[in-house]
Amino acid sequence: MSGSIQDTFFEECEELLEATDEGLTAIEGGDRDPEVVNAVFRAVHSIKGGAGAFGLDELVAFAHRFETVFDEVRTNRLELGEKLVQLLLRASDHLCDLVATARDGGETDEAHHNVLIAALDEYIPEEEEDLTFEPMGLGGAGFAPAAIDLPVVPQEETYRIRFHPMKEMYGTGNEPIFLFQALKELGELEVKLDDTELPGFDAIDVAESYIAWDLVLITSEPRDKVEAVFEFVEGLCELSIEGDGDAEADAQALAALDAAFGVAPSIEDGETTPAPFEQPAPALTPEADSAPAGDKAPSPKAEAAKSEQRGPKPTLRVELERVDRLINAVGELIINHSMLAQQIANLDVADVRDVETELEGFKNLARDIQEGVMSIRAQPVKPLFQRMARIVREASSATDKTCKLVTEGENTEVDKTVIERLSDPLTHILRNAVDHGIEKPEDRAENGKDRVGEIRLSASHRSGSVCIEIKDDGAGVNRPRVKQIAIDKGLIPENAELTDSEIDNLLFLPGFSTAKEVSNLSGRGVGMDVVKNAVTGLGGRINITSTPGKGSTFTIILPLTLAVMDGMVVSVADQTMVVPITSIVETMRGSDDMINNLGADGTLLSIRGNFVPICDVAGALGLSKQDDQPPGVYLLVETETGQRSALAVDDIHDQRQVVIKSLDGVCGEIAGVAAATILGDGKIAMILDPESIIAASPSAAAFDTDRRMNNAVAS
């Protein structure tokens, strides 16, 4: 049981660390909203409290210093300067490392740990100021303290606390035991459970909260310290805090102020007000004194929170393996629907309209279930983008450059598996952007640029796919140097004529590196080829565009989900195949007068006055077909670079939703094939990769060469 509780704690830590990073990023951007500061403080405080329950002393000690500094900030005793903000960002990164070490094991970087602790200690006062009651600004107003006979405030106060958690509080991972432990640190605490609202066993609703606590705290700490314990569960509980000396202290303080400022006793309706400092404490009425704690009215804040239904939405934590099994079951359901539709189509029955109508309803229901299940796995890329900010900070520090990361589209939702496997490629690209893309501050200043380099990381949905762009405003790709390095390494022949796009894509070749020296970031010949392999393994593609002096843009296109997609079912050399619908612009039937020859092997298709290369799918896949077979159907597809080509296929059957089955571990990598699926008749169909088919087409190569020559002549 303790293991599962600790796992839950670490899951909560991930969310709290995300909140910390989000708040610090907002602060770095100039947001000084007190609520943002309080949110970071509460997150770090929660991590410290949970870590203390599991005896994670190193994590507790560091989090304590972190929250102490933030406490100084939120009480306006410390100003958030640029130096402090950068320190807090580094401290947040280290706090993340400490949580990971506590969860996964390993050792902490002691040198870095000690440096950060020493830096945080510089902002923590050596001695906490003695917080005692002082009337408003009397010393500053020139009054002699001896002339005011102020009442002596008791050193110890007794607080009676009524604490009733709402069910939403438990949904956030907060536990009353942690609050009680924090109160225990303030003084002597007595806890009494109130289970009078607990129903019988058969009537219990596990989602409800029935129990409350009555607490008595004797402490010399001020009231705001007691209230601060419940600050991060405000709105998630019914809370009342009453001190025995509240009424007396208020009356005496007001009397002291009246005497200090010479306010005469007022007489109204013949009733004489007692002299200052002689007013007795108001006695409690028998009704109020005898009322049970449970009948006390909850605080106005709690009532407002209850009426407005504040708090996070209820969530349910489920193992990812269970969701995967459900997704696989939905995939089989879709395949089963295709098989039923095929069987009905093969029936020799005159009228099957009613059956087809019901089958269409089955299809829509299956799609709704599939979309619902996929939404369970879908997560916003915001946590991933927040982690990338740390990568940019570390890379900037290692290269003595100043860079900032700007993120867009953080709420774009992507399959959880995609997010997990996308972390390494993004890390490589961002490090490459800082190391090779962004110039030194002095060089940027000479070129009229801001000394701070900007890297923009954005995510968006484009026609059923996820598009992630990493754009920097650096120097761009030095194409002559890149080409020469590729020649020197034997990656391309010396007389190779390459387009700008082809030179840019040399960066993805295995073993290619432009670094002159081996460093912690680059120079080992490993990096961008790993990026391309990782993206390809996700069923996506990556492209680079660059403008010298302006910067470079890496574009990653990924499928929205790794399980189901819409595809066009076609025939190629008597084989049934599927083309992803997202890459198809339009379909058309060809004729002889639309086909034009280009060179020895190339052919072009004339479409409304424009020419596009024809890519023979059968030839690209090594399939043979009859020579006298007439021209069939053409699928006009567009690559990520904007280049259009016509895929020549024999026929089009229909458009349908197919379940993606990976070929990894089955038959290895096949050029032109991305994955496979199971059709309604039970046969396996290959899912084509239009990008690789076009790349292997002689027509596309000849067309690109011809276009490049024409551009050279025109220039």
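Note that the structure is a prediction, hence the values are computed from the model and not measured.

Below, the discussion takes up the packing of aromatic side chains. In this structure the tally under the stated criterion is eight aromatic pairs. Between Phe 163 and Phe 180, the ring centres sit 6.1 Å apart and the planes meet at 85°, which makes this aromatic pair edge-to-face. Placement of Phe 163 in strand E1 (residues 157-165) and of Phe 180 in helix H7 (residues 176-184) is noted, with a sequence separation of 17 residues between them. Across the pair, exposure class does not vary: Phe 163 and Phe 180 are buried alike. Grouping aromatic residues by their ring pairs yields a cluster made of Phe 163, Phe 180, Trp 213 and Phe 230. Lying across the ring of Phe 41, Arg 74 places its NZ or CZ 3.8 Å from the centre.

With that settled, consider the sheet that holds strand E24 (residues 684-688). Hydrogen bonds between backbone atoms are what pair the strands of a sheet, whose relative direction is either parallel or antiparallel. The strand order across the open sheet built from five strands is E22-E14-E15-E24-E23, with neighbouring strands paired in mixed fashion. The open sheet terminates on both sides in strands that have one partner only, identified here as strand E22 (651-659) and strand E23 (673-678). Taken over all neighbouring pairs, the strand axes of this sheet differ in orientation by 35° on average, direction set aside. Pairing geometry for strand E15 (residues 575-580) and E24, over two bridges, is parallel. Bridge pairing links Met 577 to Met 686 in E24. This element, helix H12 (residues 320-346), spans strand E14 (564-572), E22 and E23 of the sheet and lies at about 150° to E22.

With that settled, the discussion passes to the nonpolar core. Formed by 44 residues in total, the largest nonpolar core has its most connected members in Leu 426, Ile 468, Ile 470 and Ile 556. Counting residues per element, this core draws most heavily on helix H15 (residues 416-437), at eight residues. Not counting residues up to four positions away in its chain, the partners in contact with Ile 556 are Leu 426, Ile 429, Val 466, Cys 467, Ile 468, Ile 470, Val 535, Arg 541 and Ile 542.

Its place among the elements puts Ile 204 in the loop between strand E2 (187-194) and strand E3 (212-219). Judged by its relative accessible area of 36%, Ile 204 falls in the partly exposed class. Beyond its immediate chain neighbours, meaning those up to four positions away, Ile 204 contacts Pro 199 and Tyr 210.

Turning our eyes to something else, we now look at helix H3 (residues 57-74). Count 3.6 residues to each turn of an α-helix, and residues three or four apart come out pointing the same way. For H3, built from 18 residues, the straight-helix expectation of 26 Å at 1.5 Å per residue is met to within 8% by its first-to-last C-alpha distance of 25 Å. Residues of H3 that are buried include every one of Leu 59, Phe 62, Ala 63, Phe 66, Glu 67, Thr 68, Val 69, Phe 70, Asp 71, Glu 72 and Val 73, and no others. Backbone geometry just after H3 places Asn 76 at a positive phi near 65°.

With that settled, consider the state of the cysteines. Inspection of every chain in the model, using the stated rule, returns zero disulfides. No disulfide involves Cys 13; its nearest neighbouring cysteine sulfur is the one of Cys 96, lying 9.7 Å away. Accessibility expressed as a relative area gives 30% for Cys 96, which makes it partly exposed.

Thresholds applied
- Residues numbered from 1 in each chain as written.
- Predicted model: local features only at pLDDT ≥ 70, side-chain atom pairs only at ≥ 80, totals over all residues.
- Heavy atoms only, no water.
- Phe/Tyr/Trp six-rings, centres within 6.5 Å; stacked < 30°, edge-to-face > 60°.
- Helix = DSSP H or I, 4+ residues; strand = E, 2+ residues; numbered from the N terminus.
- Buried < 20%, exposed > 50% of the residue type's maximum accessible area, 1.4 Å probe, protein only.
- Lys NZ or Arg CZ within 6 Å of the ring centre and 35° of its normal.
- Pairing = 2+ DSSP bridges.
- Axes fitted to C-alpha atoms, helices over the stretch in contact; angles between N-to-C directions.
- Contact = heavy atoms within 4.5 Å.
- Core = buried A, V, L, I, M, F, W, Y, C linked by side-chain atoms within 4.5 Å.
- Expected span 1.5 Å × (residues − 1).
- Disulfide = S-S within 2.5 Å.

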